[in-house]
Amino acid sequence: LATPTALMVGSGMGAENGVLIRHGEAIQTLRNVDTIVFDKTGTITKGRPEVTDTVPVEGYTKEEVLRLAASVEVGSEHPLGEAILRKAREENLEPYKAEEFEAITGKGVIARIGPSQKFALVGNRRLMEEKEVDYKSLEDDLSRLEEEAKTVMLVAVNRKIGGAVAVADTLKDDSVQAIRELERMGLKTTMLTGDNRRTADAIAKKMGISRVLAEVLPDQKVKEIQKLQENGEIVAMVGDGINDAPALTAANVGIAIGTGTDIAIESADVTLVRGDLSGVVTAINLSRKTFSKIKQNLFWAFFYNVIALPAAMLGLAHPLIAEIAMATSSVTVVTNANLLRRARIRPEYQKKEK
C-alpha cells in the first residue's frame, strides 16, 4: 500500500491542478530531473507572432517587401508565415499568385510568384547563403532587430535581396515567473529554438533562462536532447508542436502543452491542460511531495514489521493484538498518503495572484 496509494493520490492532485500524468513512472522520474528544456514557439511564447518591422533595400518599398513575403507564405502553415499574411491583409496588400511552393525545414520557403514567375525566397540567413543571395547591405538592420529579440526573415527575388520582415512573438503571461521559480528550485533551464544566436540570447536574457540551444533544425532536436543525456543530465522536455514529438519521446520525461498538437500530447508522459508554464513547476513540486510521502509510508511500514515480526516469532505478540496492529498499520499508511492532499504544489506567485 505504501507506494500505490501515494501515487494514486498524487495523480489525482495533478489532475485537479491541470497536470495529467500518464503513469506513475513519470512522477518518479520528474523528481530526479535536473534540466528542463523548453521549445520556444508556442511553449515559452504564445505562438501568435506579429510583424513589427519591414525593412526594404534601395529600389523597394515597405509595401512591396511585405507583399512579396506574403505571396510566398500563402502556402505556409508556419506561425511566422501566418503573421506575415495577417499583416498584408491589414495593409490591404493582395498577394501575387504563387506556384511551385516549397518549404525548406528550418530555413524558409521558396515559390514562383506573379505573371513573370519570379523566383522568390523568404527565410533566414542559411537559406540565403544556400541560394547564394548577398544580404550584407541589411546586416546592421538584422543585428539591431535581433538584439530586440525579434525573428527576422529575409526576402529575395531572383536571388537579389529585397528587404527583411521582423516578427516578434509575445511571451506567455507566466513564462518569466515560471522560469525564475524553476531556477530557484535548483533546475537548469534551457531554451531550444531555430532562431539565430543573437535573437535567442536576447529572449533568454529577458526570460532568465540559463542556457540556449540556438539554430537547431526540427530534425536535430532529438540529437540535442541526447547530447544532454550523454553528459549525465536527466532531461524533461516541454513542447507543443508536431516537430517536438520525437524530442518529447527521447527525453527522460516529455511534458506537452495541452493547447498544442495532438501528436505532441500523445508522445508526452505529462500534459499541462492549461498550457501555461506554471504547470511545469506544479508537476515538479507534485513529484517531490509524492515521493516524500512514499518514503514516509515505507518508513512506517518497515518500522512496524521490524518490531512486530520478531515479537510474533518469539510468541510475545498475541494473535489478536497482531491483527489489530496490522490493520492499524494499513490504515496509517493510507491516511498518511491522503495527507498529501494538504501539500502545496502550485507556485508561490500563483497563490499571491489568487
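The sections below set out a description of the structure shown in this document.

Calculation rules
Residue positions are given per chain, counting from 1 as you read along its sequence in written order. Given that the model is predicted, a residue must reach a pLDDT of at least 70 before its local features are reported, and side-chain atom pairs must reach 80 or more before they are shown or counted; all residues, however, enter totals for whole chains, interfaces and linings. The basis for the side-chain values is all heavy atoms of the structure; hydrogens and waters are excluded. Counting from the N terminus, the helices are the DSSP runs of H or I reaching at least four residues and the strands are the DSSP runs of E reaching at least two. Any helix carries an expected span of 1.5 Å times its number of residues minus one. A simple rule labels every residue: compare its accessible area, found with a 1.4 Å probe on the protein chains alone, to the largest value its type can have, and call it buried under 20%, exposed over 50%, or partly exposed in between. Counted as a polar contact is a pair of N or O atoms within 3.5 Å, where, for protein atoms, one must be capable of donating a hydrogen and the other of accepting one, and residues adjacent in sequence contribute only when both atoms are in side chains. Note on contacts: a residue pair qualifies if any of its non-hydrogen atoms lie within 4.5 Å across the two residues. What counts as an axis is a line fitted to C-alpha atoms, over the stretch in contact for a helix, and the angles between N-to-C directions run from 0 to 180 degrees. Each angle is binned into one of four classes, with values under 35 degrees roughly parallel, values over 145 roughly antiparallel, values of 65 to 115 roughly perpendicular, and all other values oblique. Note on residue categories: nonpolar means Ala, Val, Leu, Ile, Met, Phe, Trp, Tyr, Cys or Pro, charged means Asp, Glu, Lys or Arg, and polar means any other residue, Gly included.

1. So, helix α13 (residues 278-313)
Structurally, the α-helix is built with 3.6 residues per turn, so residues lying three or four positions apart point the same way.
Next up, step 1: Its 36 residues place the ends of α13 52 Å apart at the C-alpha level, agreeing with the 52 Å of an ideal helix rising 1.5 Å per residue.
Next up, step 2: Backbone geometry just after α13 places Gly315 at a positive phi near 75°.

2. Quick word on the side chain of Ser287
Next up, step 1: With respect to the element layout, Ser287 can be found in helix α13.
Next up, step 2: Exposure remark for Ser287: the relative accessible area of 1% places this residue in the buried category.
Next up, step 3: A polar contact of 2.8 Å, which involves the side chain of Ser287, links it to the backbone nitrogen of Arg31.
Next up, step 4: Discounting chain neighbours no more than four positions away, the residues touching Ser287 are Ile27, Leu30 and Arg31.

3. Comments concerning the packing of helix α2 (residues 24-32) against α13
Next up, step 1: The contact between α2 and α13 brings their axes to 8 Å, and the two run at 100°. Comparing their axes, α13 and α2 come out roughly perpendicular. On α13, the residues touching Ile27, Gln28, Leu30 and Arg31 of α2 are Ala283, Ile284, Ser287, Arg288, Thr290, Phe291 and Lys295.
Next up, step 2: Taken together, the residues that form the contact of α2 with α13 break down as 5 nonpolar, 3 polar and 3 charged.

Honestly, that's just the spatial picture; any functional story needs more than this.
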